[in-house]
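What follows is the residue order along each chain.
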Amino acid sequence: MGPPLGIRSITATPDGAVLLANVHVGGVPRSTDSGATWQSTIDVESDVHEVRAHPNRPGVVMAAAAIGLCTSRDGGVTWDVEQEGLHASYCSAVAFAGDDVFVSASIDHFAAQGAIYRRRVDGHDSLVAVGGGLPEWTDGIIDTGCIATRGSAVALADRKGNLYVSADTGRSWSRRASGLPPPSSVLIV
């Protein structure tokens, strides 16, 4: 059933009241007592790849999973799954930039191409493919930890080592590098 269980990502709500861990291959356990005890939230069969809490909104948490983009507005107690607007439901990375959420999607973990989508955090609109200089299809998936944000800067790297950067919250993009070793994460410093 895949690799051994392990923590792939962990996040805390901005008020520090809730911790959420992404157990791969698995779901998202949630703790409200600084990690002393954990309760299951998203089902293990959902194959979650990354979980992130919004940096300014204590109730908003999103997770990239094989079933789509999972959204919680109550700190991870309950979740809704979105697939509308995606070309495929296999989501592997998620990040917040200002009032927007970015998520990567592909047909599976070993897909030759993927795509990046966005929507407003507070919106209920469909996810929309990101353009503005970003190619329609990335070379391989954008995996866990490979979408980074800081202020209005957004960076992402695909499995083939292409690095794309935006200075305007993902409105326009430029490729800054290609042929890098397959990334395990991206960080903006």
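Anything mentioned here points back to the structure above.
Student: Break down the overall build of the protein for me, citing the residues and quoting the values.
Tutor: Broken down by element type, the protein carries zero helices and 17 strands. Since a compact globule built from 189 residues should have a radius of gyration of about 16 Å, the 15 Å found for the protein is in line with a globular shape. Over its C-alpha atoms, taken along the principal directions, the protein stretches across nearly 45 × 35 × 30 Å. Counting all 189 residues of the protein, 49% fall into the buried class. Accessible surface, the protein: about 8,600 Å² in total, of which carbon and sulfur atoms supply 54%. Looking at charge distribution, the protein has the averaged site of its 14 positive side-chain charges lying 8 Å from that of its 20 negative ones.

Student: Account for the packing of aromatic side chains, with residues named and values stated.
Tutor: Taken as a whole and assessed by the stated rule, the structure comprises one aromatic pair. Measuring from centroid to centroid gives 6.5 Å for Phe 102 and Trp 173, while their planes differ by 80°, and the two rings are edge-to-face. One end of the pair, Phe 102, is in strand E10 (residues 100–106); the other, Trp 173, is in the loop between strand E16 (163–166) and strand E17 (174–177), and 71 residues separate them in sequence. Residues Phe 102 and Trp 173 agree in their burial class; the two are buried.

Student: Pulling in residues and values, what's your account of the pattern of salt bridges?
Tutor: Per the counting criterion, the structure on display carries ten salt bridges. One salt bridge connects Arg 118 with Asp 100, and the closest N-O pair in it is separated by 2.3 Å. In this pair, Arg 118 sits in strand E11 (residues 113–120) while Asp 100 sits in strand E10, placing the two residues 18 residues apart along the sequence. Each of Arg 57, Asp 99, Asp 100, Arg 118, Arg 120, Asp 122 and Arg 171 takes part in a single network of salt bridges with overlapping partners.

Student: Tell me about the nonpolar core, and please be specific about residues and values.
Tutor: Ranked by size, the top nonpolar core spans 18 residues in total, and within it Phe 102, Ile 116, Leu 134, Ile 142, Ile 147, Leu 156 and Trp 173 carry the most contacts. When contributions to this core are tallied by element, the ones reaching two or more residues are strand E9 (90–97), strand E14 (147–150) and strand E15 (153–157). Top contributing element to this core by residue count: E15, with four residues. Beyond its immediate stretch of four places on either side in the chain, Leu 156 contacts Ile 116, Leu 134, Ile 142, Cys 146, Ile 147, Asn 162, Leu 163, Tyr 164, Trp 173 and Val 186. Listed in part, the 15 residues of the second largest apolar core include Leu 86, Val 94, Val 121 and Leu 127.

Student: Requested: an account of the side chain of Arg 119, with residues and values cited.
Tutor: With respect to the helices and strands, the residue Arg 119 is situated in strand E11. We classify Arg 119 as buried; its relative accessible area is 6%. A polar contact is formed between the side chain of Arg 119 and the side chain of Glu 82, at a distance of 2.5 Å. In this structure the side chain of Arg 119 is engaged in a polar contact, spanning 3.2 Å, whose partner is the backbone oxygen of Val 121.

Student: Go over the sheet that holds strand E1 (residues 6–12), please, and point to the residues and values.
Tutor: Sheet architecture is open: four strands sit in the order E1-E2-E3-E4, paired in antiparallel fashion. Whereas interior strands pair on both sides, the edge strands pair on one side only; in this sheet they are E1 and strand E4 (39–42). On average, adjacent strands in this sheet sit at an angle of 30° to one another, irrespective of strand direction. One ladder, built from two bridges, connects strand E2 (residues 19–24) with strand E3 (residues 28–31); its direction is antiparallel. By the bridge assignment for E3, Leu 20 is matched with Arg 30.

Student: An account of the environment of Phe 110 is requested, with residue identities and associated values reported.
Tutor: Topologically, Phe 110 is positioned in the loop between E10 and E11. As for Phe 110 and Ile 141, which are separated by 31 residues in sequence, their C-alpha atoms are 7.4 Å apart.

What counts as what
- Residues numbered from 1 in each chain as written.
- Predicted model: local features only at pLDDT ≥ 70, side-chain atom pairs only at ≥ 80, totals over all residues.
- Heavy atoms only, no water.
- Helix = DSSP H or I, 4+ residues; strand = E, 2+ residues; numbered from the N terminus.
- Rg over C-alpha atoms; globule rule 2.2 N^0.38 Å.
- Buried < 20%, exposed > 50% of the residue type's maximum accessible area, 1.4 Å probe, protein only.
- Areas by Shrake-Rupley, 256 points an atom, 1.4 Å probe, with all protein chains shown as cover.
- Lys, Arg positive; Asp, Glu negative; His and termini not counted.
- Charge placed at Lys NZ, Arg CZ, Asp CG, Glu CD.
- Phe/Tyr/Trp six-rings, centres within 6.5 Å; stacked < 30°, edge-to-face > 60°.
- Salt bridge = Lys/Arg side-chain N within 4 Å of Asp/Glu carboxyl O.
- Core = buried A, V, L, I, M, F, W, Y, C linked by side-chain atoms within 4.5 Å.
- Contact = heavy atoms within 4.5 Å.
- Polar contact = N/O pair within 3.5 Å; in protein donor to acceptor, adjacent residues only side chain to side chain.
- Pairing = 2+ DSSP bridges.
- Axes fitted to C-alpha atoms, helices over the stretch in contact; angles between N-to-C directions.

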